[in-house]
Every structure is written in C-alpha cells, then in structure tokens.
Amino acid sequence: FLVVAFGIQVHAIEPSPLTFDSPKPNQVVQRVGFDPLAKSEPGSPAFGHADVLISGKLKKPERVLTWEYSVVLLPGGTGRAVDWTPLAVRFLDDSFAATALVPAGGWYRIEVRAREQAAVQFQGSVEPVGIGEVIVVAGQSYATNCNDEKLKVGDPQGRVVAHDWAKNSWNVAHDPQPVPDSSKDGSIWPPVGDALLKEFRVPIAFVNVAYGGTSSSQWLPEAELHQRLVKVGKTLGRFRCVVWQQGESDVIAKTPIAKYVENVRRIRHTAADAWQQEPTWLLAKSTLHPTVYNDKEGEGRIRDAVDVLTKQQGFLPGPDTDTLAGENRGDAKSRRHFSAVGQRNAAGMWFGVLKAYLHAPQ
C-alpha cells in the first residue's frame, strides 16, 4: 500500500506473516492460580492465568527486533484483554518459541508481532484460544461413544472442546468424541462441559483416551493404553484431573478387590511419575452392564475396591452411575449403555462431582 508524506508517495512494506505450531485454534490451556475461595471475577488475579507456549517456524532474523504479544477478548468471551507486552523469543534452527502470560478466560485472539522501531516486520495471530479447565478421560465404553444419542455442545461460542490427540487438533466437543476405540455414537461429555462452562466461566476441554471393553490390567504401565495415557498427558503439560469411568470388564474377569486396588494405584503412580505432576483421579462406580451380565457379587467387589481407593491420597469419589437403572439404560437395540435420558443424568452426576472438586481448595 502507499503512504503519502509531504506529497511524496512512499511504499510501505507489508509485514511477513507468522504461522504458529502452538497454540492451536480452539485449544484450551489449563489455568493455574485459580482461588475458588476468593469468589473472583473474570480478569482478576484470583481467577487464574496460564503461561502459553507460542511457537512456530521462522529462521532467526539478522536484525535485532522487538517482539510483543497482545491478547484480544473475542465477543461473548470472559476474561481480560492484554495490551502489547514484551515477548522473550528463543530461536533454534528454523523455529521460534516464547511464553506468554494470558489471563484465564476466553475465547481470545493471541497476536504476535516483531518490529524494528515502529516498522512491523513480522506479525501473526491465532484464535480462538482459551485458558480454562482441561480434563483427561480414561476408562472403558461408558466413557466413550457407546450411548444412544449423539449430543452437541450448547454454548454459542463453542467453548467446550475436545482434543484429538491423534491429529493434534482441537475442535468443539460435539459427539462423537475423538477416542482410540473408534466408537461413533453418543457420549456424556458435551452437557458436562456446558454446565462447567456456565459455573466457572472459562472454556472447558476434554482429552479422552478411554477404550471400550478394557479391564484395569490392560491399563497397567507395560500396556499400550497406559503408554498413550502418559504420552497425551505429557503433550498437554498441565491438566486438572483424570476422570475414570471403568469397572465392567473387571466384573467379567472376576478381579479380586486387592488386585483392582493394586492395578489402579500402579496406573496412577506410574503416570504421575512420567508426568512429573500428580493430578487427582476421580473414580466413578461403573460396574453395571445389565444386557451383558447380572453379577451382584462381582459388581460389589469392584465397588468395594473403588471405596478402598478413594480413601487413599490422589483419589476422590466420582459419581455412582450404577444407580442409573431403568429408563437410563439402552435396550437390546441400542448401544446397550446409557439411553438419551441416562446420558444426561450421568452428565449431571459428573458435573456435580467436578463442581464440588473445582470449588474446593486445590
């Protein structure tokens, strides 16, 4: 374009575009610093923040440039905008990386520029990005897409998302969820996310590594499922908790109480060592599978094992979804887990547990 100064036409140089590897569009980064006892408003320090990795492809410029970032609050979002702020950029080979402090909330647009005095040489942006709550989902088919109705996120801004770790992308968490077992029907997670978003006023993300038909022994450290769990957790960096909805396969396998306790403790302990953080595991009671078996004794063993675990450090009780019977269950022509009514009721139970957990001092 042209700039006219004192009657002379001067050709201004368009900034070169920046492209980003991180963050991704629709990504939610786990907030820290959230103080539930402060009853904080969006934008306040007690509402939390995150150090967001900003990275992309760019060879180190020959000239010394001033790097900056800004945070723009998008329409309908919550949080606080950030004016242009210095950004310490590191270069390695043909890539760059930096860390930007972003307040909890969103959706946001994160903008980055590099200037030589007033002349911008490079610029780029990524949107939408959120700073909120990231929840890892593990277990078996009740946690995947093996329920009757495909549910959708209700938030108009789509601030409930799911991470597709296989594609390294983030998308609005409409069913079916991206899961490794290739199930394609309905889940319980979209209404959980909508309710958490309304309660806590930050974007919500689910990262689902559950796999239908799996027993606790199939999640042990030497197994593929555990290795995937560890890899996904490392990719996320930080996340709030692990929700565990599993048990039916251990009823079928007649797993003893002590063995189930040992298995789940090993799964958590080994993953925590690999992650170098110890997120809480919320354990559902999920042993009822009425179209496959009727084994009150076996169900009781796994329920008792969950009671033992939730009295130990690092575990807390999740919902007792075994109490959802009758109309909550699919019939013989369904996917044999929750009916549409049951999906919403199970979602309400998970919301109640997660609400209490997030409102408690961390």
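Located above this text is the structure these notes cover.
The model shown is predicted, which means the values in this text are computed figures rather than measured ones.

### Remarks on the packing of aromatic side chains
Link 1 in the chain: With the rule as written, the count across this model stands at eleven aromatic pairs.
Link 2 in the chain: The interplanar angle of 40 degrees and the centroid separation of 5.5 Å between the aromatic rings of W189 and F206 together place this pair among those described as tilted. Here W189 is found in helix α1 (residues 189-200), whereas its partner F206 is found in strand β15 (residues 204-208), with 17 residues between them in sequence. Note on accessibility: W189 and F206 belong to one class, buried.
Link 3 in the chain: Through pairs of rings, three or more aromatic residues link up here, namely F20, W67, F91, F96 and F122.

### Quick word on the packing of α1 against helix α6 (residues 340-359)
Link 1 in the chain: Running from amino to carboxyl end, α1 crosses α6 at an angle of 35 degrees, the nearest separation of the two axes being 9 Å. In the packing of α1 onto α6, the handedness of the crossing is right-handed. Residues W189, P191, V192, A195, L196, E199 and F200 of α1 form the contact with α6, whose participating residues are A347, W350, F351, L354, K355, L358 and H359.
Link 2 in the chain: A breakdown of the residues in the contact of α1 with α6 according to their chemical character gives eleven nonpolar, one polar and two charged.

### A word on the nonpolar core
Side chains of a nonpolar character, in soluble globular proteins, are inclined to be buried together.
Link 1 in the chain: Membership of the largest hydrophobic core comes to 60 residues, with the highest contact counts inside it found for W189, L196, V243, W350 and L354.
Link 2 in the chain: In terms of residues, this core owes the most to one element, α6, which gives eight residues.
Link 3 in the chain: What V243 contacts, discounting residues up to four positions off in sequence, is I135, V136, V137, A138, W189, L282, W350 and L354.

### Here's the deal with the sheet that holds strand β9 (residues 90-92)
Link 1 in the chain: What the four strands build is an open sheet, ordered β4-β6-β10-β9; its pairing is antiparallel. The strands lining the two open edges of the sheet, one partner per strand, are β4 (20-22) and β9. With direction set aside, neighbouring strand axes in the sheet form an average angle of 30 degrees.
Link 2 in the chain: Inspection of the sheet shows β4 paired to strand β6 (residues 49-57) by two bridges, in the antiparallel sense. Each residue of the ladder has a partner; that of F20, found in β6, is G56.

### So, helix α4 (residues 257-275)
In an α-helix, one turn spans 3.6 residues, which is why side chains three or four residues apart end up on the same side.
Link 1 in the chain: An ideal rise of 1.5 Å per residue puts 27 Å on 19 residues; α4 measures up with 27 Å between its terminal C-alpha atoms.
Link 2 in the chain: The complete set of buried residues in α4 reads Y260, V261, N263, V264, I267, R268, A271, A272 and W275. In a view along the axis of α4, the buried residues occupy a sector of 165 degrees, so they form one face of it.
Link 3 in the chain: Structurally, α4 contributes buried residues whose contacts are with α2 (224-236), β16 (241-245), α3 (248-252), β17 (280-285), α5 (296-309) and β18 (315-320).

### Digging into the pattern of salt bridges
Link 1 in the chain: Counted by the stated rule, this structure contains 20 salt bridges.
Link 2 in the chain: Its salt-bridge partner being R303, residue D320 comes within 2.8 Å of it at the nearest N-O pair. Note that D320 is positioned in strand β18 and R303 in helix α5, a separation of 17 residues in sequence.
Link 3 in the chain: A relative accessible area of 22% means that R303 is categorised as partly exposed.
Link 4 in the chain: Overlapping salt bridges bring together R31, E133 and R240 as one network.

Calculation rules
Each residue is numbered by its place in its chain's sequence as written, counting from 1. The predicted nature of this model means local features are confined to residues of pLDDT at least 70 and side-chain atom pairs, given and counted, to a pLDDT of 80 or more, with totals for whole chains, interfaces and linings taken over all residues. Only hydrogens and water are set aside when side-chain values are computed; all heavy atoms of the structure are taken into account. Only rings of Phe, Tyr and Trp enter the pairing, Trp through its six-membered ring, and a pair is recorded when the two centres are within 6.5 Å. The plane angle decides the type: under 30 degrees is stacked, over 60 is edge-to-face, the rest tilted. Each helix is a run of H or I in the DSSP string that is no shorter than four residues. Each strand is a run of E no shorter than two, and both are numbered from the N terminus. The buried label goes to any residue with under 20% of its type's maximum accessible area, the exposed label to any with over 50%, and the partly exposed label to all in between, with areas taken from a 1.4 Å probe on protein chains only. An axis is simply a line fitted to the C-alpha atoms; with a helix, the fit covers only the stretch in contact. Between two such axes, the angle follows the N-to-C directions and lies from 0 to 180 degrees. Working rule for handedness: look at the near helix, and if it is turned counterclockwise from the far one by less than a right angle, call the crossing left-handed; if clockwise, right-handed. Working rule for contacts: check all heavy atoms of both residues, and any pair within 4.5 Å makes them a contact. Ten residues, namely Ala, Val, Leu, Ile, Met, Phe, Trp, Tyr, Cys and Pro, are considered nonpolar, four, namely Asp, Glu, Lys and Arg, are considered charged, and the remaining ones, Gly among them, are considered polar. To qualify as a nonpolar core, a set must consist of buried Ala, Val, Leu, Ile, Met, Phe, Trp, Tyr and Cys residues joined through side-chain atoms within 4.5 Å. Pairs of strands are assigned from DSSP output, requiring at least two bridges between the strands. Under the convention used throughout, the expected extent of a helix is 1.5 Å for every residue step, that is, one less than its residue count. Directions drawn from the helix axis to the C-beta atoms are what define this arc. Here, a salt bridge means any side-chain nitrogen of Lys or Arg that lies within 4 Å of a carboxyl oxygen of Asp or Glu.

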